[in-house]
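Summary of structural features
What follows is each chain in one-letter form.
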Amino acid sequence: DDNINNALTTHFNQYKEKEYFSGIALSIYKPNTPIANYYIGRTGHEKGSPKMNAETLFQIGSITKSFTSAIALQLVKENKLQLTDNLQKWLPEYHKWSTLTIDSLLNMTSGLPNYSDSPVLNALQFQHPHQNHSANELINFVYPVGTLSPPLKSGYFYTNTGYVLSGMIIEKITKQSLGHEIQNRLIKPLELKNTFYPLPNPDHIIAARLANGYGFNPFMNPELVGKEVSSDSLSWAGAAGAILSNMEDVVRWVKAVFVDETILDKQQKQTMMQVVSIQTGKPVSQVSASDPRAFGLGIIQGYDKDIGKFWFYEGETEGFRTLYLY
């Protein structure tokens, strides 16, 4: 415990000014022991902000992708979806992308443009930060207009667009909102009492628990750097990154994905862990020193010379950064 607290304190003191964050929450699980939780700093830079604690919620960003992928895999097991289905079958309105398969949407080999890189969306986020965007609106930021049909990127290309499309497919199949499916298929069975899909807007109780987040990306949205953004709409992230949680629940989720068989059976997990090289976009059996990153279905495998192979994801929103490592 002392070693962990010392490491946390050292990191906090070294980077809090450079990266303008106010606090850190850390949760660690080891087999056959309770989850250990550590906190340092406060929930915001504002005077009187409370200390970080077990009630503090964070935007977990793209860790949400593993939730979306897990539901897709459940639908496969229910014979309602196949990962080899193409977009024409489920969303024929996007006919210029008709041949793309579900698995390519989930493993970042679709080559789709990334709507969250759209200058128009970034401008709207600055001008109207509380404006909600539907999934269709997000896709329309990058869907080619008129007769234009530019080629898609080849190989591996990180894009949120595939996950928003996947969320739309889940809703079409289940005839329920993605939030409803996340709640009933994942959050309830796992008793994740501090995890929420807060669209279109979180209620006031959940919102009050959310730590303050401050813009930190000078490349995507330089006008938001240093600005408090935690109350901004998360509709821009949707199925690709809108979940709120605390770190203990993130650990519980990671345990459910990689260790237990509560929501995914062994075969589903094996499918989720089939990876493509981030360097080439081609399937690989595992990562290595020469090819150290590979993407599965909403999860990433990494390689480090000191610890070997591991699974991880770093989720980022405008004002939050959440990382798990298994």
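Right, let's walk through the structure included here.

Basis of the calculations
Residues numbered from 1 in each chain as written. Predicted model: local features only at pLDDT ≥ 70, side-chain atom pairs only at ≥ 80, totals over all residues. Heavy atoms only, no water. Phe/Tyr/Trp six-rings, centres within 6.5 Å; stacked < 30°, edge-to-face > 60°. Helix = DSSP H or I, 4+ residues; strand = E, 2+ residues; numbered from the N terminus. Buried < 20%, exposed > 50% of the residue type's maximum accessible area, 1.4 Å probe, protein only. Lys NZ or Arg CZ within 6 Å of the ring centre and 35° of its normal. Axes fitted to C-alpha atoms, helices over the stretch in contact; angles between N-to-C directions. Parallel < 35°, antiparallel > 145°, perpendicular 65-115°, else oblique. Left-handed = near helix turned anticlockwise from the far one by under 90°. Contact = heavy atoms within 4.5 Å. Pairing = 2+ DSSP bridges. Salt bridge = Lys/Arg side-chain N within 4 Å of Asp/Glu carboxyl O. Nonpolar A, V, L, I, M, F, W, Y, C, P; charged D, E, K, R; others polar.

Digging into the packing of aromatic side chains
- Under the criterion given, the structure shown has 13 aromatic pairs.
- Geometrically, the ring pair formed by Tyr20 and Tyr214 is edge-to-face, given 5.2 Å between the ring centres and 80° between the ring planes. Of this pair, Tyr20 sits in the loop between helix 1 (2-19) and strand 1 (23-28) while Tyr214 sits in the loop between helix 9 (204-209) and helix 10 (238-241); the two residues are 194 residues apart in sequence, bridging distant segments of the chain.
- The exposure class of Tyr20 is partly exposed, given its relative accessible area of 36%.
- In this structure Tyr214 comes out as buried when scored by relative accessible area, which is 6%.
- Grouping aromatic residues by their ring pairs yields a cluster made of Tyr156, Tyr158, Phe295 and Tyr313.
- Directly above the aromatic system of Phe157 lies the positively charged group of Lys153, at a separation of 5.0 Å from the ring centroid.

Focus on the packing of helix 2 (residues 64-77) against helix 7 (residues 161-174)
- For the pair helix 2 and helix 7, the least separation of the axes is 10 Å and the interaxial angle reads 40°. Judged by the angle between their axes, helix 2 and helix 7 are oblique. Taken as a pair, helix 2 and helix 7 cross one another with a handedness that is left-handed. On helix 7, the residues that touch Lys65, Thr68, Ser69, Ile71, Ala72 and Leu75 of helix 2 are Tyr163, Ser166, Gly167, Ile170, Ile173 and Thr174.

Considerations on the pairing of strand 10 (residues 321-325)
- Side-chain alternation along strand 10 places Thr322 and Tyr324 on a buried face and Arg321, Leu323 and Leu325 on a face that remains uncovered.
- Taken together, the five bridges between strand 9 (residues 308-316) and strand 10 define a ladder with antiparallel strand orientation. Following the sheet pairing, Glu314 is matched in strand 10 by Leu323.
- The loop that links strand 9 with its antiparallel partner strand 10 comprises four residues.

Some remarks on the pattern of salt bridges
- Counted by the stated rule, this structure contains twelve salt bridges.
- The salt bridge involving Glu78 is made with Arg185; its shortest N-O contact spans 2.8 Å. Remark: Arg185 occurs in helix 8 (residues 178-190) and Glu78 occurs in the loop between helix 2 and helix 3 (87-90); sequence separation between them is 107 residues.

A short note on the packing of helix 2 against helix 8
- Contact geometry of helix 2 with helix 8 gives a least axis separation of 10 Å together with a crossing angle of 75°. Comparing their axes, helix 8 and helix 2 come out roughly perpendicular. Each of Phe67, Ala70, Ile71, Gln74 and Leu75 in helix 2 lies in contact with helix 8, whose residues at this interface are Leu178, Glu181, Ile182, Arg185 and Leu186.
- Considered class by class, the residues forming the contact of helix 2 with helix 8 number seven nonpolar, one polar and two charged.

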